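# A look at the structure
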Amino acid sequence: MQLSAWVVQHVARPMAPESRTESPGPGEVIVRVAGCGVCHTDLGFFYDGVPTRHGLPLTLGHEISGVVAEAGAGAEPWLGREVVVPAVLPCGECPACRAGRGQICPKQIFPGSDVHGGFATHVRLPARGLCPVPNLGDPAVNPAGIALADLSVVADAISTPYQAIVRSGLGPGDVAVFVGAGGVGGFGIQVAAAFGAHVAAIDVNRERLTQMASHGAALTLDPAAIDVKEMRKQVRAFADARGVPSWRVKIFETSGTSQGQATAFSLLGHGGYLSVVGYTPQSVELRLSNLMAFDATAQGNWGCLPEHYPAIVDLVLNGRIALAPFIERRPLATINDVFAELHAGGVLRRLVLIPES
Ligand SMILES: [Zn+2]
Ligand SMILES: [Zn+2]
């Protein structure tokens, strides 16, 4: 298969399109990319020189949806299937995978870091772990007519907070607080609301808060307007008004900033739970003994196990998670401009790159 892919040769230097020939090995497939979302992590690789595991030159992109165009030995049943590609593909066979800890599988494949990713017409991947998409042409399955390309954001922006929420044990009537309402946090807010939680959103961007107020957030707080003490008070009052004790308040750090992490930690109460979903290379000073004094829990979250994906696709197709107001399609050929735009900041939507057909 002859494919065209955008390749990073050097950190922060414009990507250029390149022709490559790929054929699927045993257990592998070639996916024709329908869409590939651009993530904060891609910007880290590209601008900050965060090392990819494969090294450069490399094609980035780990938020992929598409159609299986070629299948290697043993992967033939995937041929022609529409799929979402999980951003983390565990091997399924190592001791970690067998223990149900595929997130830390040492042989996991993260497209756009371990292997060439989805900013291309096609991508070669292991078939194991792919999420089959139900028939999008069937109005009973897909009443809103959601396009396969748009489902790419399931691969990371939705699935990562989804797994964090599942792990937190968040249930109906609990309180979920999201510190950061951007790509990942915004979808997290919708997922938590779909789980029946009362959701609070904290973000420095007013526009984002306004948008989340009509997509699941019952309380919105701007840390530029109030200090941490006041934020604590308001979150406490929000939970009290709903009869929710501190041990049923789950905090999700989705800003990926050191300020956000400090804020999230300071919101922990007795028996509280903190999920660290966002990433920053910066460190932050915390009094870790609060965990001891409050008998509280802090947990990190990496990616999302493939087994959760079908339920997430269902939430999107059922309209429980809105995509349209939160994403924007751009031609793949504009990738360098898109990266520059995201790097400059202020983009409110998840940008999805679409290869020219
Ligand atoms: Zn990502
Ligand atoms: Zn494994």
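Fair warning: this is a prediction, and the values are worked out from it, not measured in the lab.

## Quick notes on the overall build of the protein chain
Counting its regular elements, the protein chain contains 10 helices and 15 strands. At 20 Å, the protein chain has a C-alpha radius of gyration in line with the 21 Å of a compact globule built from 357 residues. Looking at the protein chain residue by residue over its 357 residues, the buried ones come to 54%. Considering only contacts within the protein chain whose residues lie at least 6 apart along the sequence, 68% involve residues at least 24 apart. When the accessible area of the protein chain is evaluated, it comes to approximately 15100 Å², of which 54% is carbon and sulfur surface. Side-chain charges in the protein chain split into 26 positive and 30 negative, and the spacing between the mean points of these groups amounts to 6 Å.

## A look at the coordination of the zinc ion (ligand 2)
At 2.3 to 2.4 Å from the zinc ion (ligand 2) lie its protein donor atoms, namely Cys-91 (SG), Cys-94 (SG), Cys-97 (SG) and Cys-105 (SG). With 4 donor atoms in place around the zinc ion (ligand 2) and angles of 105 to 115° between them, the coordination shape is tetrahedral.

## Here's the deal with the coordination of the zinc ion (ligand 1)
Within the protein, the zinc ion (ligand 1) binds to Cys-39 (SG), His-62 (NE2) and Asp-156 (OD); these donor distances fall in the range 1.7 to 2.2 Å. Counting along the primary sequence, the residues that act as donors to the zinc ion (ligand 1) give the motif C-x22-H-x93-D. With a gap of 23 residues between them, Cys-39 in the loop between strand 3 (28–37) and helix 1 (40–47) and His-62 in the loop between helix 1 and strand 4 (64–71) connect regions that are remote in the sequence.

## Things to note about the pairing of strand 9 (residues 198–202)
Across the 5 residues that make up strand 9, a large majority, 4, are buried. With 5 bridges connecting them, strand 8 (residues 175–179) and strand 9 associate as parallel partners. The residue of strand 9 that forms the bridge with Val-175 is His-198. Read as a crossover between parallel neighbours, the route from strand 8 over helix 4 (residues 183–194) to strand 9 is right-handed. Read as a crossover between parallel neighbours, the route from strand 9 over helix 5 (residues 206–213) to strand 10 (residues 217–221) is right-handed.

What counts and what doesn't
Residues numbered from 1 in each chain as written. Chains lettered and ligands numbered in written order. Predicted model: local features only at pLDDT ≥ 70, side-chain atom pairs only at ≥ 80, totals over all residues. Heavy atoms only, no water. Helix = DSSP H or I, 4+ residues; strand = E, 2+ residues; numbered from the N terminus. Rg over C-alpha atoms; globule rule 2.2 N^0.38 Å. Buried < 20%, exposed > 50% of the residue type's maximum accessible area, 1.4 Å probe, protein only. Contact = heavy atoms within 4.5 Å. Areas by Shrake-Rupley, 256 points an atom, 1.4 Å probe, with all protein chains shown as cover. Lys, Arg positive; Asp, Glu negative; His and termini not counted. Charge placed at Lys NZ, Arg CZ, Asp CG, Glu CD. Donors = N, O, S within 2.8 Å, 3.2 Å for Na, K, Ca; no water. Tetrahedral: all angles 85-135°; square planar, octahedral: opposite > 155°, others 65-115°. Pairing = 2+ DSSP bridges. Right-handed = clockwise from strand over helix to strand, strands pointing away.

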